[in-house]
Each structure stands twice: as C-alpha cells, then as structure tokens.
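Inside the fold
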Amino acid sequence: MPLLLDVTGSTATITISNPAKRNAMSLDMWRDLPGLLDSLAADPAVRVLVLTGAGDTFCAGADITDLRDPAAGSALAQGAAVEAEEALAAFPKPTLAAIRGFCVGGGCQLAAACDLRFAAEGSRFGVTPARLGIVYPASSTRRLVGLVGPATAKYLLFSAEFVGHERALRTGLVDEVLPDDALGKRVEEFAGVLASRSLLTQAAAKEFTAPDLDPARVEHWARQADGTDDTAEGVAAFLERRQARFTWTVR
C-alpha cells in the first residue's frame, strides 16, 4: 500500500495508492509521507509537488482498521496523520492536490494542507470524524476554517455529510473544477506555470499567508531577496519579453 513517486521535469507527483480500500491512508503511509517530502524539498530539480490518488478516487481517509489495532490505536494513528499533514503544509514549494472521486476524512486533511486544489466534476468531499466519535485535530480544524470559513467548517464537521464539487468550489474548498478528462492536462499545465515562476516569491508567500507568522521570518526573507539575482532577472526578462530564468532555490 505505497505512496508512489514520479518526478517528471520539475514536477514531482505523489500518488496515494491503496485501491482495495479506495486509497485510504494506512498508518505506514502516514508515517512514510514526511520523509518522502523531506527528500523532495531537498531536491533542487523539483519545483512543484502534485498530490493525487490512484484511479478514480483521491483518498477515502484513514484506514479504519488501524483504529482497531491495539498496537496502533486511534491516538497513534491520528498523531501520524497530523504529522504528515503538517509536513505537507510546511513543504517549501508550491503544492497542488489533483482530486477525483471521494476526498474524505484524512484525504480532505491532506488536500487542505496543499496550497491549491483542482477537482474533477463529480468529486465528493467530507470531513467525517463525527461519524466515528473522533475529535478532529485542532490544527486540522483551524486549517479547514482558514479555507472555507467557520460556518462551512462547522457544517462539514458537525454533520459529516458529503458535499459535491459545486459547493466545494463556492465555499473555497477547491480552487478549480474541471471535466474529469481535462483535469490531468490542466494540472500538468498549471504545474508548469508554477515551476516557471520565482520560487523565492512562492516560498516567502507561503509563510506570509500562514497564520502566526514569526516576525523573524520577515527579516529572513528580506535577506534572501538581497542575496539573489531573481529580481534583476525577472525585470530583465519582462523588459526583454522572454521567459525569466530564476535561480533561487530552497536552502
């Protein structure tokens, strides 16, 4: 039940693959994700990360059988899920969730931890701890509220009901909705757009748009900007009507 990795050009794609359980995340998969993200963060050739699911489902959540395993237990499984979610949210390069079918529970946690979410028509979304009597993690709740606002977050959390792609788009849970057969091409094209832009700008913006910004990080990014030629290159490329060749990378 692996997390599959493919790197094509400057885009890394992680595919959640557990087809027998609609791509539910096992405890081992939760544990494997942070290390995989660390390796991609350190790879200067990778500029964009796409997270998707195998086949016609994004992720049906956490593997419920882990919650019944005395060796794992719900607290351990939830802790591993939060650690994976936080690692994804902290990934220093742009992340894009490409969603088909069901995006439920832990799958919705992972999608919400990405910077952007593109979904196929017919996708279904649900935040379902109330079906199981589980307290949804505080960090995950705050992230959900940041995306959709408190009213919609409460609707999803209180009811554990699924919503369709129309409501997901209207409430900000997803950024774009496309026909199923157009999703792959759109994700590939947009990943190329992201890869062509300044990673310096993107990495700083990721931190500046997050809650609880450490003021010291503002100074950090000012120093990073002073130590690179990206601004000069961007201005020159604009004036010369050519594609910029940005060189700053994550350090």
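Residues numbered from 1 in each chain as written. Predicted model: local features only at pLDDT ≥ 70, side-chain atom pairs only at ≥ 80, totals over all residues. Heavy atoms only, no water.

1. Looking at the side chain of Thr 171
Positionally, Thr 171 belongs in helix H6 (residues 165–171). Within the structure, the side chain of Thr 171 is placed 3.4 Å from the backbone oxygen of Ala 168, a separation counted as a polar contact. Aside from chain neighbours lying at most four places away, what touches Thr 171 is Leu 147, Val 148 and Thr 152. (Helix = DSSP H or I, 4+ residues; strand = E, 2+ residues; numbered from the N terminus. Polar contact = N/O pair within 3.5 Å; in protein donor to acceptor, adjacent residues only side chain to side chain. Contact = heavy atoms within 4.5 Å.)

2. Digging into the packing of helix H8 (residues 199–208) against helix H9 (residues 215–226)
Put simply, H8 and H9 touch, their axes get as near as 11 Å, and they point 175 degrees apart. Compared by their axis directions, H8 and H9 come out roughly antiparallel. Residues Leu 200, Ala 203, Ala 204, Glu 207 and Phe 208 of H8 form the contact with H9, whose participating residues are Arg 217, Val 218, Trp 221, Gln 224 and Ala 225. Classifying every residue of the contact of H8 with H9 by side-chain character gives seven nonpolar, one polar and two charged. (Axes fitted to C-alpha atoms, helices over the stretch in contact; angles between N-to-C directions. Parallel < 35°, antiparallel > 145°, perpendicular 65-115°, else oblique. Nonpolar A, V, L, I, M, F, W, Y, C, P; charged D, E, K, R; others polar.)

3. Focus on the pattern of salt bridges
Applying the stated criterion across every chain, the model contains eleven salt bridges. Ionic pairing is found between Lys 21 and Asp 63, a salt bridge with its closest N-O pair at 3.0 Å. Pair noted here: Lys 21 is in the loop between strand S2 (11–16) and helix H1 (27–41) and Asp 63 is in the loop between strand S3 (48–53) and helix H2 (65–68), with a separation of 42 residues, a long-range link. Taking the shortest distance from any N to any O, the salt bridge between Asp 180 and Arg 100 comes out at 3.0 Å. With Asp 180 in helix H7 (residues 180–196) and Arg 100 in the loop between strand S4 (95–99) and strand S5 (102–104), this residue pair connects regions lying 80 residues apart in the sequence. Connected through shared salt-bridge partners, Glu 85, Glu 86 and Arg 143 make up one network. (Salt bridge = Lys/Arg side-chain N within 4 Å of Asp/Glu carboxyl O.)

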